[in-house]
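# An overview of the molecular structure
Listed here are the chains, written in short residue letters.
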Amino acid sequence: MIQSALARGREARASGGLHQHKLAPYAFISPFYVLFGFFFMAPSLIALVLSLFRWDGINDPRFVLTRNYGRLVSDKVFAQAATNTAIYAIASLLIVIPIALVLAVLLNSKSLRFSNVWRAMYFTPVVTSTVAITLVFQILYNRDTGFLNAPLIYLGLEPIYWLGDRSWAKVAIIILIAWRSTGLLTIYFLAGLQSIPEELYEAASIDGASALRRLFSITIPMLRPIILFVSIIVLLSSIQIFDEPQILTGGGPANATMSVVQYLYERGFTRLRLGFASAVGTVLFATVFILSLLQLQWYGVFRKED
Amino acid sequence: MDPRIAQRLSVVALHVVVISGALLTVAPIVFMIYSSFKTTTEIFTLPPWLPPAEWSFKNYEILLTNWPFPYWYINSLIYAGVVTVFVLFFCSLAGFAFAKYQFRAKNILFIILIGSTMIPFQLILIPLFILMSRIDWVNHPASMIVPWMAPAFGIFLMRQYIQAVPTELMESARIDGASEFRIYAQVIVPLVRPGLTTLAILTFLGSWNSYIWPLMVLRGNEVITLPVGIATMRSQATAAQIPYGEMMAAASMVSVPVIILFVALQRYFISGLTIGAVKG
């Protein structure tokens, strides 16, 4: 009697639990889909539609089909901003990634003492406010009294006009980006290095392979997936650059450092060309979408799980 | 050359390279803090290591009394703090569902989740702003909190952590009659504290340092954030009178607490950044 009553009670609870069990996961994930739908999906669709209109936010929108895109293609400032953004991306790929990779190998070395201290120092830029540090760099880049020009000034040479020269201003932005992102990329490479089996290096050192040889024939090939992953991250974040040129140079001199997002911000907010700016956003989206597909492929999301 | 000497030399070279790079990296931060004790004229005097004529907290005093800096600070703290609390709750809940339940349409919902990370924030910058003005959230704290409460990245991160929790623990709690939410609150949450800490740091930091969104939606000292406020210190002044000394004090007060926090919680921070990178 008692046994069966207990069993029945357990069953009832189990089936009640089962009902709950079916609905619970939907309740748990719903906040994301509600917020995503309202604040991201809907605005994205609005942006796509708006990119076909001419609208200043006040008067009635006027349908212009693809004329915004046509204008965009022939706009010299956009071409400049796209070129600048590409330069930032390429500089990050070709300069920051190799530095970060070598740095990770050095930081991972067993003969390095106090490596935690050095690691912490390299990672501080990752957490430092971009606005704060950009203002610091602005002082360091000053033509007449900036620290970066100090050697030239002491030697009596012509100081570099870092923020006023079209080419040097780009270099100034790239140095700042490098300063900010090297530590972050080093973190990824360090994580990757830890997954390389120690035996490979032992075997190589028995064979008498030099450190450089080990770097090129073990470390880099083994890190290939991480290098790809980091390259995509670098491309994605380069495309979205805004803070650095906005504060350091305001996009100048004469748009020489303006990024695509700055262009979008300026056209959309300062000039209130909302439809046109939406077209810029859509082009950005298409670029990021393609890069993200590559990234997802790498993550293995399209592979069947379990 | 004696191989042992060669070995020694390479170790010395390693240290020289690593340490000089590390010093170069922190130099701008040291410069920032050092400059915060100088007058603007002294900041622009070479060499930069010359000490100020008089060590003083004057820049900090001016910053706290003549500028609405305390407001900016409190605003930033509130936005970052509140958004972090919501992110921890919503992301761990959804991460739990994706890690431990089988339900209909799970795969497609997960693909939508991951796919959402493909939308660059810049695409929606303008329409989201239009939306904010339509629902009267321009200049309202909600614009800094509500849209950012359940980021897909956080859900993905929590899912990775929760997958590692043994499912048997859930089952035995369920047999004891615990509701699904209680299983989440009393079984899962205590076991994924490291994951929650990681997510908390990343979220707080992201909100604290964000610039373009608060720059757009917030106006007026009662609502703006620290980075926006500091940027206005420069843009409001005429070129000859930019208060660099006070700006360096402000920059130090934004960065230094976060850097200390980071050094203390480094382990969590790094595990959060690399969780996607190592798997795969």
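No experiment lies behind these values; they were computed from the predicted model shown. (Residues numbered from 1 in each chain as written. Chains lettered and ligands numbered in written order. Predicted model: local features only at pLDDT ≥ 70, side-chain atom pairs only at ≥ 80, totals over all residues.)

Quick look at the overall build of chain B now. Looking only at helices and strands, one finds 15 helices and zero strands in chain B. Taking all 280 residues of chain B together, 40% fall into the buried category. By sequence separation, contacts in chain B at least 24 residues apart represent 78% of the contacts at least 6 residues apart. (Helix = DSSP H or I, 4+ residues; strand = E, 2+ residues; numbered from the N terminus. Buried ≥ 20, exposed ≤ 12 C-beta atoms within 10 Å, placed from the backbone. Contact = placed C-beta atoms within 7 Å.)

Next up on the list: the overall build of chain A. Broken down by element type, chain A carries 13 helices and two strands. What you see for chain A is a C-alpha radius of gyration of 27 Å, clearly larger than the 19 Å of a compact globule of 306 residues, by over 25%. The principal-axis extent of the C-alpha atoms belonging to chain A is close to 105 × 75 × 30 Å. For chain A, with 306 residues in total, the buried portion stands at 39%. (Rg over C-alpha atoms; globule rule 2.2 N^0.38 Å.)

Turning our eyes to something else, we now look at the confidence of the model for chain B. All names here are of chain B. Averaged over all residues, the pLDDT of chain B equals 88, while 98% of them reach at least 70. Looking at the elements of chain B, mean pLDDT is at its lowest for helix 15 (residues 266-278), recorded as 70, and at its highest for helix 4 (residues 69-100), recorded as 95. As a predicted assembly, this complex carries a pTM of 0.86 together with an ipTM value of 0.87. (pLDDT = per-residue confidence, 0-100.)

Time to look at the packing of helix 1 (residues 3-35) of chain B against helix 14 (residues 244-264) of chain B. Residue and element names in this part refer to chain B. In the contact formed by helix 1 and helix 14, the axes pass within 8 Å of each other and the chain directions differ by 125 degrees. Relative to helix 14, the element helix 1 is oriented oblique. Along this stretch, helix 1 crosses helix 14, giving a crossing that reads as left-handed. Note on element contacts: helix 14 touches helix 1 through M248, A251, S252, S255 and V256, opposite I29, M32, I33 and S35. By residue class, the composition of the contact of helix 1 with helix 14 is six nonpolar, three polar and no charged. (Axes fitted to C-alpha atoms, helices over the stretch in contact; angles between N-to-C directions. Parallel < 35°, antiparallel > 145°, perpendicular 65-115°, else oblique. Left-handed = near helix turned anticlockwise from the far one by under 90°. Nonpolar A, V, L, I, M, F, W, Y, C, P; charged D, E, K, R; others polar.)

Each partner contributes residues to the interface: chain A has 81 residues there, and chain B has 79 residues. Examining the composition of the side of chain A that touches chain B, we find that 20 residues originate from one element, helix 1 (residues 2-50) of chain A, more than from any other. Taken together, the residues that form the side of chain A that touches chain B break down as 57 nonpolar, 22 polar and two charged.

Below, the discussion takes up the environment of T124 of chain A. The residue T124 of chain A is located in helix 4 (residues 115-127) in this model. Linking T124 of chain A and L223 of chain A, residues 99 residues apart in sequence, is a C-alpha distance of 24 Å. Residues contacting T124 of chain A, with those up to four places away along its chain left out, are T25, V26, I29 and I259 of chain B.

This paragraph deals with unusual backbone geometry. Negative phi is the rule for most residues except glycine; trans is the rule for most peptide bonds. The phi dihedral of A254 of chain A is positive, around 50 degrees, even though this residue is not glycine. The phi dihedral of N139 of chain B is positive, around 70 degrees, even though this residue is not glycine. Locating N139 of chain B in the fold gives a position in the loop between helix 6 (121-134) and helix 7 (142-145). You can call N139 of chain B partly exposed: it has 15 C-beta atoms within 10 Å.

The next subject is the confidence of the model for chain A. A low pLDDT means the predicted coordinates there should not be read in detail. Residue and element names in this part refer to chain A. Mean pLDDT over chain A stands at 84; residues scoring 70 or higher make up 90%. Within chain A, helix 1 has the poorest average pLDDT of any element, 74, and helix 3 (residues 76-107) the best, 93. Every residue in residues 8-17 is under pLDDT 50, and counting partners more than four places away or in other chains gives two contacts.

Right, let's get into the nonpolar core. In terms of nonpolar packing, the biggest core is built from 150 residues, with A94, I155, I230 and A251 of chain B touching the most fellow members. Of all the elements, helix 4 of chain B adds the most residues to this core, at 14 residues. Among residues more than four places away in sequence, those in contact with A94 of chain B are F28, I29, P31 and F32 of chain A together with A150 and I155 of chain B. (Core = buried A, V, L, I, M, F, W, Y, C linked by C-beta atoms within 7 Å.)

Let us look at the environment of L185 of chain A. Residues and elements named next belong to chain A. When you line up the elements, L185 lands in helix 7 (residues 166-193). With 25 C-beta atoms packed within 10 Å, L185 lands in the buried category. Taking the C-alpha atoms as reference points, L185 and I97, 88 residues apart in sequence, are found 7.1 Å from one another. Excluding anything up to four places from it in sequence, L185 contacts V96, I97, A100 and V230.

Helix length check: helix 14 of chain B (21 residues) gives 30 Å between terminal C-alpha atoms against 30 Å at 1.5 Å per residue, within 8%. Taking the largest bend as the criterion, helix 14 of chain B deviates by roughly 25 degrees, centred on S255 of chain B, and proline P257 of chain B comes between one and four positions later. (Expected span 1.5 Å × (residues − 1). Bend = angle between axes of the 7 residues up to and from the residue.)

Once that is clear, we can look at the packing of helix 3 of chain A against helix 10 (residues 224-239) of chain A. The angle between the axes and the distance between the axes are what describe a pair of packed helices. Residues and elements named next belong to chain A. In the contact formed by helix 3 and helix 10, the axes pass within 9 Å of each other and the chain directions differ by 150 degrees. In terms of orientation, helix 3 and helix 10 fall into the roughly antiparallel class. In terms of crossing hand, the pair formed by helix 3 and helix 10 is right-handed. Contact residues: helix 3 offers T85, Y88, A89, S92, L93, V96 and I97, while helix 10 offers V230, S231, V234, L235, S238 and I239. A per-class count over the contact of helix 3 with helix 10 returns nine nonpolar, four polar and no charged.

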